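One letter stands for each residue in the lines below.
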Amino acid sequence: MLEVKQVSKLYGNDRGVHNIDFSMQRGEIVGFLGPNGAGKTTTMRMITGYLNPTHGQIWVDGHSMADNPKKARRKIGYLPETPPLYPEMTVQSYLRFIANLRDVPAREQKLRVGEAIDKLGLQGREKQIIRSLSKGYKQRLGLAQAILHQPDLLILDEPTSGLDPKQIIEIRQLIHELGENHTVLLSTHILPEINAICNRVLIINQGRVVLDERPEHLGRTMGETFEVSLEVKGPRERILTELRSLPSVGEVKEVDAPEAGAALLATPATPALESAESAIDEADSPAPAAAPAESVKLLVTSADRAEDIREAVFFRLASAGLPILAMKRESLSLEDIFLKLTTDEPAAPELVPTEEGDTDA
């Protein structure tokens, strides 16, 4: 559906984006991430035809944005960070105006406008002046104009920016539903939004793509070591012995282990006489029941960085009669990965030849 091939954008001696290269298939919802100034908006404007790339090619459903811009744009619905609304118009008149701009056939305009209003939850506000809408409804209207001409590709730039939590949840749900019939490129600074909506993550930093991967494969791509947190019921030493005897286990660490001497501090000292009397009383009373076995919390690391050790750990502890109360794979969060990829020192600026043949930074 979308192919971005070695696209660069230069502003004088400053490089906006450098050799951006990625593609999107039909039905994908791709999260487009990056810090401020990384080149996200520049890239999205080139994809939508608002900017011409200095180098490279952009293809939308087989149509070149350079050679057939009109055909390519018809395939795209675009919602910039600030929706392109006319505040003095009503919701309905604005959508009809957009339908004319998008060359929607006159006989279909009433149907298309009605479908967009229904899909974006704008019923009852058709006659309302746009300036009187809340920000959430303005975002809904911006999405309505983006899908009015039934595009195959949606480009959404910060669609939940400035919304309250309830509005964010509503817009996320709308985007998820739109993804059933459209290919979506979604730019956002809200990382949980990516986990909630997207099936692929694209991270850009300093004008370059630094990661292109599915969310479930991010840890593997980053060379993450396979780790499992466990809570196991039973004797501590026996649990440790069983786990450390597994060839696939590299390291076993206790989590929240009790401090040394805690048992001694928990039992107050008593005078000798009281101890003797207590001993006599205990001799006449039945022996107390054995204390229930306590659980041990552990962090278990694979000997092979990428090997999944959960099955081996489960069967070893089960065969030893040591119940597993909890098992969870520990992995890098999207926030961790984003910071790791985007907080490096900035690269030195490239040298651009001057007219005299010298170079300037």
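Residues numbered from 1 in each chain as written. Predicted model: local features only at pLDDT ≥ 70, side-chain atom pairs only at ≥ 80, totals over all residues. Heavy atoms only, no water.

1. What about the overall build of the chain?
Scanning the chain from N- to C-terminus turns up 13 helices and 16 strands. In the chain, which comprises 361 residues, the proportion classed as buried is 39%. As displayed, the chain offers around 20100 Å² of accessible surface, 51% of which is attributable to carbon and sulfur atoms. (Helix = DSSP H or I, 4+ residues; strand = E, 2+ residues; numbered from the N terminus. Buried < 20%, exposed > 50% of the residue type's maximum accessible area, 1.4 Å probe, protein only. Areas by Shrake-Rupley, 256 points an atom, 1.4 Å probe, with all protein chains shown as cover.)

2. A closer look at unusual backbone geometry
Positive phi values are uncommon outside glycine, yet Gln6 reaches one of about 50 degrees. Counting through the fold element by element, Gln6 comes out in strand β1 (residues 2-11). For Gln6, a relative accessible area of 40% gives the class partly exposed.

3. Section: the confidence of the model for the chain
The predicted coordinates of low-pLDDT regions are not to be read in fine detail. Residues of the chain with pLDDT of at least 70 account for 81%, and the chain-wide mean is 79. At the level of individual helices and strands, the chain shows its lowest average pLDDT in helix α10 (residues 262-266), which scores 38, and its highest in helix α3 (residues 91-101), which scores 93. Counting interchain partners and residues more than four positions distant, the pLDDT-below-50 stretch residues 345-361 has 21 contacts. (pLDDT = per-residue confidence, 0-100. Contact = heavy atoms within 4.5 Å.)

4. Some words on helix α1 (residues 40-47)
α1 sits mainly inside the fold: six of its eight residues count as buried. The first or second residue beyond α1 is Gly49, which carries a positive phi of 90 degrees.

5. Some points on the pairing of strand β8 (residues 183-187)
A regular strand places its side chains so that they alternate between the two faces of the sheet. Burial analysis of β8 places five of its five residues in the buried class, the great majority of the element. Residues of β8 alternate between two faces, with Thr183, Leu185 and Ser187 on one and Val184 and Leu186 on the opposite face, all of them buried. Bridging between strand β3 (residues 29-33) and β8 involves four bridges; their strand directions are parallel. Paired with Phe32 across the bridge in β8 is Ser187. The pairing of strand β7 (residues 153-157) with β8 spans five bridges and is classified as parallel. Its bridge partner being in β8, Leu153 is matched across the sheet by Thr183. Each parallel crossover has a hand, and the one from β7 via helix α6 (residues 165-178) to β8 is right-handed. (Pairing = 2+ DSSP bridges. Right-handed = clockwise from strand over helix to strand, strands pointing away.)

6. Thoughts on the side chain of Asn205
Positionally, Asn205 belongs in strand β9 (residues 200-205). Aside from chain neighbours lying at most four places away, what touches Asn205 is Pro35, Ala38, Val210, Leu341 and Thr342.

7. A few points about the pattern of salt bridges
In this structure the tally under the stated criterion is 16 salt bridges. Among the salt bridges present, the one from Arg200 reaches Glu28, with a minimum N-O distance of 2.9 Å. Of this pair, Arg200 sits in strand β9 while Glu28 sits in the loop between β2 (14-24) and β3, and the two are 172 residues apart along the sequence. There is no split in this pair, since Arg200 and Glu28 are both buried. (Salt bridge = Lys/Arg side-chain N within 4 Å of Asp/Glu carboxyl O.)

8. Quick notes on the sheet that holds strand β14 (residues 324-330)
Pairing is antiparallel in the open sheet, where four strands are placed in the order β12-β13-β11-β14. Whereas interior strands pair on both sides, the edge strands pair on one side only; in this sheet they are β12 (249-254) and β14. Between one strand and the next, the sheet's axes are offset by a mean angle of 20 degrees, whatever the strand orientation. As paired elements, β12 and strand β13 (residues 295-302) share five bridges and run antiparallel to each other. The partner of Lys253 across the bridge, within β13, is Leu299. Contacting β11 (227-233), β12 and β14, helix α12 (residues 310-319) runs over the sheet at an angle of about 165 degrees to β14. (Axes fitted to C-alpha atoms, helices over the stretch in contact; angles between N-to-C directions.)

9. Here we look at a nonpolar patch on the surface
A contiguous nonpolar patch, built from Phe314, Phe315 and Met327 and spanning about 290 Å² of accessible area, is present on the exposed surface. With respect to the element layout, Phe315 can be found in helix α12. (Patch = residues over 30% accessible without salt bridge, like charges linked within 9 Å, V, L, I, M, F, W, Y side chains within 5 Å.)

10. As for the packing of α3 against helix α5 (residues 135-147)
Running from N to C, α3 and α5 point in directions that differ by 30 degrees, and their axes come no closer than 9 Å. The orientation of α3 with respect to α5, classified from their angle, is roughly parallel. When you trace α3 past α5, the crossing you get is right-handed. On α5, the residues that touch Val91, Tyr94, Leu95 and Ile98 of α3 are Leu141, Ala144 and Gln145. (Parallel < 35°, antiparallel > 145°, perpendicular 65-115°, else oblique. Left-handed = near helix turned anticlockwise from the far one by under 90°.)

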